[in-house]
Amino acid sequence: GQQVMQIPQYQHVQEGEDFTTYCNSSTTLSNIQWYKQRPGGHPVFLIQLVKSGEVKKQKRLTFQFGEAKKNSSLHITATQTTDVGTYFCAGSNTGKLIFGQGTTLQVKP
Amino acid sequence: EAGVAQSPRYKIIEKRQSVAFWCNPISGHATLYWYQQILGQGPKLLIQFQNNGVVDDSQLPKDRFSAERLKGVDSTLKIQPAKLEDSAVYLCASSLEIWVEQFFGPGTRLTVL
């Protein structure tokens, strides 16, 4: 069945450093969504990418969808302590979202 | 706008007991989802409703789990009987339709002893 893998599983950075998490699907996706889950919280939607090669920015966050629509990345520039949490990608090609296992970001002030 | 409501927030039961969770989605959202999130993992879809019809329940352990969405609004998820491996957070989410952003509720943390 369809699988979505994320790397790395954990990332510790110093405040102000950049952070990137990568997402790979075993199958071509119709769209990919990114969610953020704070410790003890629930997933919160960040963005959806639909087009091949699409790049979207939200302030310090940059999201990319690969040309083959099988991979995606999230890059955070100059991390802040408020960026702490687990970032999930979730891909779909049937209307059903398959979540990756997430990348947990720790930011040292 | 009110978010997705879930109850209870926490539940502790012994194995072989039964438990039920309730979810009230955002008003007007046609699609409702139940996810299971085991500690350290991403949410796993258990069942997806479009109005009051089931769209996908391929990962629902049907020998012990059941879910319904009567009248196409709120929903209940039941586990009977519970096993130790059912310990997890059960998340309910809703969306206007399939293929768009999902709004998650706070979840129910289930501990099976």
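In the block above lies the structure referred to throughout.
Residues numbered from 1 in each chain as written. Chains lettered and ligands numbered in written order. Predicted model: local features only at pLDDT ≥ 70, side-chain atom pairs only at ≥ 80, totals over all residues. Heavy atoms only, no water.

Summing up its helical and strand segments, chain B has 0 helices and 11 strands in all. Shown N-terminal to C-terminal, the secondary structure of chain B runs as helices and strands in the order β-β-β-β-β-β-β-β-β-β-β. Over its C-alpha atoms chain B spans a radius of gyration of 13 Å, differing by no more than 12% from the 13 Å that the globule rule assigns to 113 residues. Taken along the three principal axes of its C-alpha coordinates, chain B extends 35 × 25 × 25 Å. Looking at chain B as a whole, 45% of its 113 residues are labelled buried. Taking as baseline every contact in chain B between residues at least 6 positions apart, the subset at least 24 positions apart corresponds to 54%. About 5,700 Å² of surface is accessible on chain B, with carbon and sulfur atoms providing 52% of the total. (Helix = DSSP H or I, 4+ residues; strand = E, 2+ residues; numbered from the N terminus. Rg over C-alpha atoms; globule rule 2.2 N^0.38 Å. Buried < 20%, exposed > 50% of the residue type's maximum accessible area, 1.4 Å probe, protein only. Contact = heavy atoms within 4.5 Å. Areas by Shrake-Rupley, 256 points an atom, 1.4 Å probe, with all protein chains shown as cover.)

What follows is about the environment of Gln106(A). All names here are of chain A. One can find Gln-106 in strand S11 (residues 103-108). Gln-106 sits in the partly exposed class, given a relative accessible area of 37%. Each C-alpha atom of the pair Gln-106 and Gly-41 lies 15 Å from the other, and the pair is 65 residues apart in sequence. Setting aside residues up to four positions removed in sequence, Gln-106 forms contacts with Gln-11, His-12, Val-13 and Val-84.

Time to look at the interface of chain B and chain A. Between chain B and chain A, the residue contacts involve 20 residues of the former and 19 residues of the latter. Carbon and sulfur atoms make up 55% of the surface buried where chain B meets chain A, a total of about 1,500 Å² over both sides. Linking chain B to chain A there are 5 residue pairs in polar contact (both at pLDDT 80 or more). Put simply, the parts of the chain that give the side of chain B that touches chain A at least two residues each are strand S4 (31-37) and strand S5 (44-50) of chain B. The residue makeup of the side of chain B that touches chain A, split by class, is 9 nonpolar, 9 polar and 2 charged. (Buried area = accessible area lost by both parts, 1.4 Å probe. Polar contact = N/O pair within 3.5 Å; in protein donor to acceptor, adjacent residues only side chain to side chain. Nonpolar A, V, L, I, M, F, W, Y, C, P; charged D, E, K, R; others polar.)

All names here are of chain A. On the basis of which strands lie adjacent, the open sheet formed by 5 strands has the order S1-S3-S8-S7-S6 and antiparallel pairing. The open sheet is flanked by strand S1 (4-7) and strand S6 (55-58), the only strands paired with a single partner. Strand-to-strand twist across the sheet, computed as the mean angle between neighbouring axes with direction ignored, equals 15 degrees. Bridge analysis of S6 against strand S7 (residues 61-65) gives 4 bridges, and the strand direction is antiparallel. (Pairing = 2+ DSSP bridges. Axes fitted to C-alpha atoms, helices over the stretch in contact; angles between N-to-C directions.)

A few words on the pattern of salt bridges. Residue and element names in this part refer to chain A. Under the criterion given, the structure shown has 5 salt bridges over all chains. Between Lys-56 and Glu-54 there is a salt bridge; the shortest N-O distance is 3.7 Å. A residue is classified by how much of its surface remains accessible, and Lys-56, at 30% relative accessible area, is partly exposed. Notably, a salt bridge pairs Arg-60 with Asp-83, separated by 2.9 Å at the nearest N-O pair. Separated by 23 residues along the polypeptide, Arg-60 in the loop between S6 and S7 and Asp-83 in the loop between strand S8 (71-76) and strand S9 (85-92) bring together distant segments of the chain. Given the relative accessible area of 5%, Asp-83 is considered buried. (Salt bridge = Lys/Arg side-chain N within 4 Å of Asp/Glu carboxyl O.)

Before going further, it helps to spend a moment on the pairing of strand S4 (residues 31-37) of chain A. Regular strands show a simple pattern: their side chains alternate between the two faces of the sheet. All names here are of chain A. A large share of S4 lies buried, amounting to 7 of its 7 residues. The two faces of S4 match: Asn-31, Gln-33, Tyr-35 and Gln-37 on one face and Ile-32, Trp-34 and Lys-36 on the other face are all buried. Alignment of S4 against S9, held across 7 bridges, turns out to be antiparallel. Residue Gln-37 lies in a different strand from S9, and its bridge partner there is Thr-86. Looking at chain direction, S4 and strand S5 (residues 44-49) are connected through 5 bridges and run antiparallel. When the sheet's bridge partners are listed, Trp-34 is paired in S5 with Ile-47. The antiparallel hairpin formed by S4 and S5 contains 6 residues in its connecting segment, where Gly-40 sits at a positive phi of about 80 degrees.

Before going further, it helps to spend a moment on the packing of aromatic side chains. Centre-to-centre distance and the angle between the planes together describe a pair of aromatic rings. Summed over the entire model, instances satisfying the criterion amount to 12 aromatic pairs over all chains. Each ring, one from Tyr35(A) and one from Phe45(A), has its centre 5.6 Å from the other, and the planes form 75 degrees; the classification is edge-to-face. With Tyr35(A) in strand S4 and Phe45(A) in strand S5, this pair connects stretches of sequence that are 10 residues apart. Considering the side-chain rings of Phe99(A) and Phe104(B), the 6.3 Å spacing of their centres and the 80 degrees angle between planes classify their relative orientation as edge-to-face. Of this pair, Phe99(A) sits in strand S10 (residues 98-99) while Phe104(B) sits in strand S10 (residues 103-104), each in a different chain. (Phe/Tyr/Trp six-rings, centres within 6.5 Å; stacked < 30°, edge-to-face > 60°.)

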